[in-house]
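# Commentary on secondary and tertiary structure
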Amino acid sequence: MEPNRREVRACDACQKLIFFALTENGSWQALDAKPDPQRGTIAAYRQGVRRWLCRSLLADDADQRPAHPLERRFTPHAQTCAGRKPSATQPTIPGFAVEPSAPPGSSQPGSGNVIPFRRRRG
Ligand SMILES: [Zn+2]
């Protein structure tokens, strides 16, 4: 079983077709719409109209649990998404590092996201 046209949508970041399945913890996971019978790490099946359930095959007890007869293996879209790659370096924490090239007076370190608090008069 594969997700049908009404169940898939294009990923906002890479336009690849994805669908969402409900995990056992109650959160939604984006999966590639095309099944991957060999390397997919998520088993998913349609439970009702436009509702897919999924479970991880990497879990410790994944082997002991009976497979749903309609389960197919899918890949988490986070593994294949070309649009949002995690950055290799942690971004600078505001206020902990000062850019040496910043022109003087342009900005105070750590003040970028701070809104000055003023008491209202009266
Ligand atoms: Zn994507």
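This text goes with the structure placed above it.
Quick summary incoming for the structure in this document. Along every chain, residues carry numbers that run from 1 in the direction the sequence is written. It should be noted that, the model being predicted, local features are given only for residues of pLDDT at least 70 and side-chain atom pairs only at 80 or more, the latter also being counted only at that level, while totals for whole chains, interfaces and linings use all residues. Calculation of side-chain values draws on the structure's entire complement of heavy atoms; hydrogens and water are dropped beforehand.

## Some words on the side chain of histidine 77
In plain terms, the rule: Helical segments are the DSSP runs of H or I of at least four residues, strand segments are the runs of E of at least two, and each set is numbered from the N terminus. Note on classification: 1.4 Å probe, protein chains only; a residue is buried when its accessible area is under 20% of the maximum for its type, exposed when over 50%, partly exposed between these limits. Nitrogen and oxygen atoms within 3.5 Å of one another constitute a polar contact, given that in protein one can donate a hydrogen and the other can accept it, and given that sequence-neighbouring residues count only through two side-chain atoms. The contact rule is simple, with two residues in contact once any of their heavy atoms fall within 4.5 Å.
Topologically, histidine 77 is positioned in helix H1 (residues 77-80). Relative accessible area serves as the criterion here: at 4%, histidine 77 is assigned to the buried category. In this structure the side chain of histidine 77 is engaged in a polar contact, spanning 2.7 Å, whose partner is the side chain of aspartate 32. Not counting chain neighbours up to four residues away, the residues in contact with histidine 77 comprise Cys11, Cys14, Lys16, Ile18, Ala30, Leu31 and Asp32.

## Observations regarding the pattern of salt bridges
Quick reminder of the rule: Salt bridge criterion: a side-chain nitrogen from Lys or Arg within 4 Å of a carboxyl oxygen from Asp or Glu.
Considering all chains together, one arrives at six salt bridges under this definition. A salt bridge links glutamate 2 to arginine 72; the shortest N-O distance between them is 3.8 Å. One end of the pair, glutamate 2, is in the segment before strand S1 (9-10); the other, arginine 72, is in strand S6 (residues 72-74), and 70 residues separate them in sequence. The class for arginine 72 is partly exposed, based on a relative accessible area of 27%. For arginine 55, the salt bridge identified is with glutamate 71, shortest N-O distance 2.8 Å. Within this pair, whereas arginine 55 is found in strand S5 (residues 51-56), its partner glutamate 71 is found in the loop between S5 and S6, the two being separated by 16 residues in sequence. Judged on exposure class, the residue arginine 55 and its partner glutamate 71 are both buried.

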